[in-house]
Amino acid sequence: RHDHYVRLLNGHRPYWWQFESAEWNADEVLSQVPQTCETGPGSPSGHCMISAAVWYLLADAAADAAAATLPKPLHWISWLVFWILLTLVAVSRVFIATHFPHQVVLGSAIGVLIAKAFLSKSFRRLADSKSAMRHIAVACGCVAIAFGSFFILSTLGLDPSTSVKLAMKHCASREWVHLNTT
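Here is what the cut-offs are and how they apply
Residues numbered from 1 in each chain as written. Predicted model: local features only at pLDDT ≥ 70, side-chain atom pairs only at ≥ 80, totals over all residues. Heavy atoms only, no water. Phe/Tyr/Trp six-rings, centres within 6.5 Å; stacked < 30°, edge-to-face > 60°. Patch = residues over 30% accessible without salt bridge, like charges linked within 9 Å, V, L, I, M, F, W, Y side chains within 5 Å. Areas by Shrake-Rupley, 256 points an atom, 1.4 Å probe, with all protein chains shown as cover. Salt bridge = Lys/Arg side-chain N within 4 Å of Asp/Glu carboxyl O. Helix = DSSP H or I, 4+ residues; strand = E, 2+ residues; numbered from the N terminus. Axes fitted to C-alpha atoms, helices over the stretch in contact; angles between N-to-C directions. Parallel < 35°, antiparallel > 145°, perpendicular 65-115°, else oblique. Left-handed = near helix turned anticlockwise from the far one by under 90°. Contact = heavy atoms within 4.5 Å. Buried < 20%, exposed > 50% of the residue type's maximum accessible area, 1.4 Å probe, protein only. Disulfide = S-S within 2.5 Å. Polar contact = N/O pair within 3.5 Å; in protein donor to acceptor, adjacent residues only side chain to side chain.

> Please clarify how the packing of aromatic side chains should be interpreted in this entry.
Remark: the centre distance and the inter-plane angle together describe each pair of aromatic rings, the angle taken between the planes. For the structure shown, the criterion picks out four aromatic pairs. An angle of 75° between the planes, with centres 4.8 Å apart, marks the rings of Phe-82 and Trp-83 as edge-to-face. What links up through ring pairs into an aromatic cluster is the set Tyr-56, Trp-79, Phe-82 and Trp-83.

This is how it looks when you write it as structure tokens:
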């Protein structure tokens, strides 16, 4: 049971999983490009999460603007563009062996949830607040989440830098590994 949580918090990337897993056929090796060798855990996909969150907000704003200016049959265009762009990002992440498909789906889903939270009335009340203390509390909460994640990983017996070590070990070229992508 503990192992399931470890896998969730410490998702492998295809380019190192192929060497670490007994399930992979050793005769087949995934191609790598400089963008492949990211150093953070693979789950969920951060690229898909950020893309989904930002593009969802843009699509929502564009749909609202379209509702005021375009005929009703054209309101869906912003959402079509949203899904096309998000699909392209997800496919590219899988294609360059940086993520497994379930990781890009999870990242996309979390990104949409984040965008929906930003559009919620509760968040708008918080954002409209003139109270500096409320904004400072939110910033401190974000920092606490970062430190808390590190603490939880350490408490579970996981090395938070494992993904960096795996990237250094299995990337085709050490020059492709950049710690700023962690």
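After presenting the structure, the write-up continues.
> So what exactly am I meant to see when it comes to a nonpolar patch on the surface here?
Together, Leu-70, Leu-74, Trp-76, Ile-77, Leu-80, Val-81, Ile-84, Leu-85 and Leu-88 make up an exposed nonpolar region whose accessible area comes to about 770 Å². If you trace the backbone, Leu-85 turns up in helix H4 (residues 77–95).

> What's the story with the packing of helix H3 (residues 46–69) against helix H5 (residues 101–119) in this structure? I'm lost.
A pair of packed helices is captured by two measures, namely the crossing angle of their axes and the spacing between those axes. Between H3 and H5, the shortest axis-to-axis distance is 7 Å and the interhelical angle comes to 40°. The orientation of H3 with respect to H5, classified from their angle, is oblique. Between H3 and H5 lies a crossing of right-handed hand. Mapping the contact onto sequence places Cys-48, Met-49, Ala-52, Ala-53, Tyr-56, Leu-57 and Asp-60 in H3 and Val-104, Gly-107, Ser-108, Ile-110, Gly-111, Val-112, Ile-114, Ala-115, Lys-116, Phe-118 and Leu-119 in H5.

> For this particular structure, what's the right way to read unusual backbone geometry?
Note on backbone geometry: most residues besides glycine have negative phi, and most peptide bonds are trans. Phi is positive for Ala-97, which is not a glycine, with a value near 65°. The residue Ala-97 is located in the loop between H4 and H5 in this model. The class for Ala-97 is buried, based on a relative accessible area of 4%.

> Would you take a moment to explain the state of the cysteines for this structure?
Covalent bonding between the sulfur atoms of two cysteines defines a disulfide. Inspection of every chain in the model, using the stated rule, returns one disulfide. Between the sulfur of Cys-37 and that of Cys-171 lies a disulfide, 1.7 Å long from S to S. Taking the sign of the S-S torsion, about 85° here, the bridge from Cys-37 to Cys-171 comes out right-handed. Pair noted here: Cys-37 is in the loop between helix H2 (14–20) and H3 and Cys-171 is in the segment after helix H8 (162–170), with a separation of 134 residues, a long-range link. No difference in accessibility class separates Cys-37 from Cys-171, as the two residues are buried. With no disulfide of its own, Cys-142 has Cys-140 as its nearest cysteine by sulfur position, at a separation of 9.3 Å. Given a relative accessible area of 47%, Cys-142 falls into the partly exposed group.

> Looking at this model, I keep getting lost on the environment of Arg-13. Mind explaining?
With respect to the helices and strands, Arg-13 occurs in the loop between helix H1 (2–9) and H2. Of the residues examined, Arg-13 reaches a relative accessible area of 3% and is grouped as buried. Put simply, Arg-13 and Thr-39 are 26 residues apart on the chain and 9.1 Å apart in space, counted from C-alpha to C-alpha. There is a polar contact of 3.4 Å between the side chain of Arg-13 and the side chain of Glu-38. Side chain to side chain, Arg-13 and His-99 meet in a polar contact 3.5 Å long.

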